[in-house]
Amino acid sequence: MQTELPAALLATKRGQQANRILRNCVHCGFCTATCPTYQLLGDELDGPRGRIYLIKQMLEGETVSQRTQLHLDRCLTCRACESTCPSGVEYGRLVDIGREFIEEKIDRPLTDKIKRLLLRKIIPHPFRLRVLLRLAGLGKPLLPAKLQQKIPSLPASQPWPTQQQSRKILILDTCAQSVIHPQIDAATARVLERFQIQLIRASQSGCCGAVNQHLAASDDARLQMRANIDAWWPYLNEGVEAIVATASGCGVHMKEYHHYFEDDPEYLEKARLISAKVLDISELIEQLPLQR
Ligand code: SF4
Ligand code: SF4
């Protein structure tokens with residue numbers, strides 16, 4: 001695809017990234033076949049190809065409106081479209097840039113701002129989320145049936161192996177999943193113990209940053225990513241083999257930490273090394289000698 005981004009934008013890292021990604025897209029539309037929002041809404045602008053075109057127009061300086069914002073908001077950032085793109089278009093990175101850009105240009109209604117702020121201030125913080133869900137659980141009988149179904153019950157905490165092993169792997173367990181489905185990480189720890197691998201939790205780490213990033217709060221996202229890098233770095237120096245994520249969205253985000261520090265010489269190299277150490281649980285399981 002031909003692009004004509006303004007020189008001022010092309011002088012920035014995000015402008016160069018966006019330009020490179022846009023130019024890889026040949027507009028074939030294969031990606032629409034795997035896009036859930038396109039399947040559901042049937043509107044070209046609610047599919048990846050349409051969104052790519054909207055982002056291109058916006059970055060080239062055309063007027064944008066709340067409609068453009070709505071089409072970008074509706075994207076789930078599931079990145080299923082990347083799996084069917086023959087040109088390797090990094091749609092996830094492009095939509096991140098597009099969202100940051102539109103957030104600077106278009107204001108939102110106050111109710112939207114409050115909803116987004118609450119999501120950012122609660123979902124990535126396990127303590128706050130747990131308190132909120134406990135309170136919601138107490139008030140559940142008073143709520144309409146439809147709302148009641150949406151409030152998950154909090155499972156009891158699960159046993160975590162304590163035996164020391166020479167092989168160690170870190171886990172990102174400090175996100176919403178650790179509150180709603182703590183059994184997943186505990187089960188992972190018990191499975192890995194069978195292979196003499198100790199799964200360890202870094203107490204200083206937190207949310208991977210994806211929630212803030214996808215809600216266009218990139219400064220807050222970078223703060224969380226820096227905190228994680230600082231928390232994990234000493235473990236990597238001590239020989240931890242990998243960092244595993246059992247929530248695939250978090251793993252995908254952590255694999256791309258380096259993209260977010262291209263302008264930050266202090267963290268770029270560490271971010272690259274950390275990204276290279278991240279494994280989705282499915283990738284880790286593939287590496288285990290399962291014939292045992
Ligand atoms: S499949 Fe890839 S190249 Fe084709 S329109 Fe979608 S993003 Fe562009
Ligand atoms: S990330 Fe998911 S929702 Fe967004 S355009 Fe791609 S397939 Fe569609």
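Residues numbered from 1 in each chain as written. Chains lettered and ligands numbered in written order. Predicted model: local features only at pLDDT ≥ 70, side-chain atom pairs only at ≥ 80, totals over all residues. Heavy atoms only, no water.

> What is the right way to look at the overall build of the chain in this model?
Looking only at helices and strands, the chain has 17 helices and four strands in total. With the C-alpha coordinates aligned to their principal axes, the bounding extent of the chain is approximately 60 × 50 × 35 Å. Here the chain holds 292 residues, and the buried ones make up 45% of them. Taking the intrachain contacts of the chain between residues at least 6 apart in sequence as the baseline, contacts between residues at least 24 apart amount to 71%. A distance of 6 Å separates the average location of the 37 positive side-chain charges in the chain from that of its 32 negative side-chain charges. (Helix = DSSP H or I, 4+ residues; strand = E, 2+ residues; numbered from the N terminus. Buried < 20%, exposed > 50% of the residue type's maximum accessible area, 1.4 Å probe, protein only. Contact = heavy atoms within 4.5 Å. Lys, Arg positive; Asp, Glu negative; His and termini not counted. Charge placed at Lys NZ, Arg CZ, Asp CG, Glu CD.)

> In this structure, what is going on with the site of ligand 1? I would like to understand it.
Close contacts around ligand 1 come from 13 residues, with C25, C28, G29, C31 and C85 the closest. Residues that form the shell around ligand 1 fall into these classes: nine nonpolar, three polar and one charged. (Near = heavy atom within 4 Å. Nonpolar A, V, L, I, M, F, W, Y, C, P; charged D, E, K, R; others polar.)

> Explain the state of the cysteines to me, please; I cannot follow it from the model alone.
When the sulfur atoms of two cysteines share a covalent bond, that bond is a disulfide. Following the criterion strictly, the structure yields zero disulfides and no others. The thiol sulfur of C175 is not disulfide-bonded, and the nearest other cysteine sulfur, from C250, lies at 4.3 Å. The buried category is assigned to C175, whose relative accessible area is 10%. (Disulfide = S-S within 2.5 Å.)

> I tried to follow the domain arrangement of the chain on my own but got confused; where do I start?
Size of an interface: often given as the accessible area lost when the parts come together. One can read the domain layout of the chain as domain 1 (7-105), domain 2 (110-150) and domain 3 (167-287). Between the C-alpha centres of domain 2 and domain 3 the distance comes to 25 Å. With ten residues of domain 2 at the interface, the matching set in domain 3 holds 14 residues. Here domain 2 meets domain 3 over a buried area of about 980 Å², counting both sides, of which 67% is carbon and sulfur. Our count for the domain 2 to domain 3 interface comes out at two salt bridges. In this structure, D220 engages K121 in a salt bridge whose closest nitrogen and oxygen atoms are separated by 3.8 Å. Our count for the domain 2 to domain 3 interface comes out at three residue pairs in polar contact (both at pLDDT 80 or more). Among the secondary structure elements, those contributing two or more residues to the side of domain 2 that touches domain 3 are α8 (110-122) and α9 (126-139). Residues of the side of domain 2 that touches domain 3, tallied by class, amount to six nonpolar, no polar and four charged. (Domains from an automatic or database assignment. Buried area = accessible area lost by both parts, 1.4 Å probe. Salt bridge = Lys/Arg side-chain N within 4 Å of Asp/Glu carboxyl O. Polar contact = N/O pair within 3.5 Å; in protein donor to acceptor, adjacent residues only side chain to side chain.)

> What is the right way to read the packing of aromatic side chains from this model?
The relative placement of two aromatic rings is captured by the distance of their centres and the angle of their planes. Inspection of every chain in the model, using the stated rule, returns two aromatic pairs. Taking the centre distance of 6.3 Å and the plane angle of 20° together, the rings of W232 and Y257 count as stacked. Separated by 25 residues along the polypeptide, W232 in helix α14 (residues 218-237) and Y257 in the loop between α15 (248-254) and α16 (265-277) bring together distant segments of the chain. Residue classification places W232 among the buried positions, given a relative accessible area of 0%. According to the relative accessible area criterion, Y257 is buried, its value standing at 0%. Taking NZ or CZ as reference, R226 lies 5.7 Å from the ring centre of Y267, over its face. (Phe/Tyr/Trp six-rings, centres within 6.5 Å; stacked < 30°, edge-to-face > 60°. Lys NZ or Arg CZ within 6 Å of the ring centre and 35° of its normal.)

> When you look at α8 in this model, what are you seeing that I'm missing?
An α-helical segment advances 3.6 residues per turn. Residues three or four places apart therefore align on the same side. Between its terminal C-alpha atoms α8 stretches 18 Å, which fits the 18 Å expected from 13 residues at 1.5 Å a residue. Residues of α8 that are buried make contact with α5 (66-73), α7 (91-105), α9, α13 (210-214) and α14. (Expected span 1.5 Å × (residues − 1).)

> Any chance you could explain the nonpolar core here in plain terms?
Nonpolar side chains in soluble globular proteins generally cluster together in the buried interior. Ranked by size, the top nonpolar core spans 26 residues in total, and within it W232, I243, M254, Y257 and F261 carry the most contacts. Looking at this core, the elements with two or more residues in it are α14, β3 (243-245), α15 and α16. At five residues, the largest contribution of residues to this core is made by α14. Of all hydrophobic cores here, the second largest spans 24 residues; its members include I52, M58, C75 and I97. (Core = buried A, V, L, I, M, F, W, Y, C linked by side-chain atoms within 4.5 Å.)

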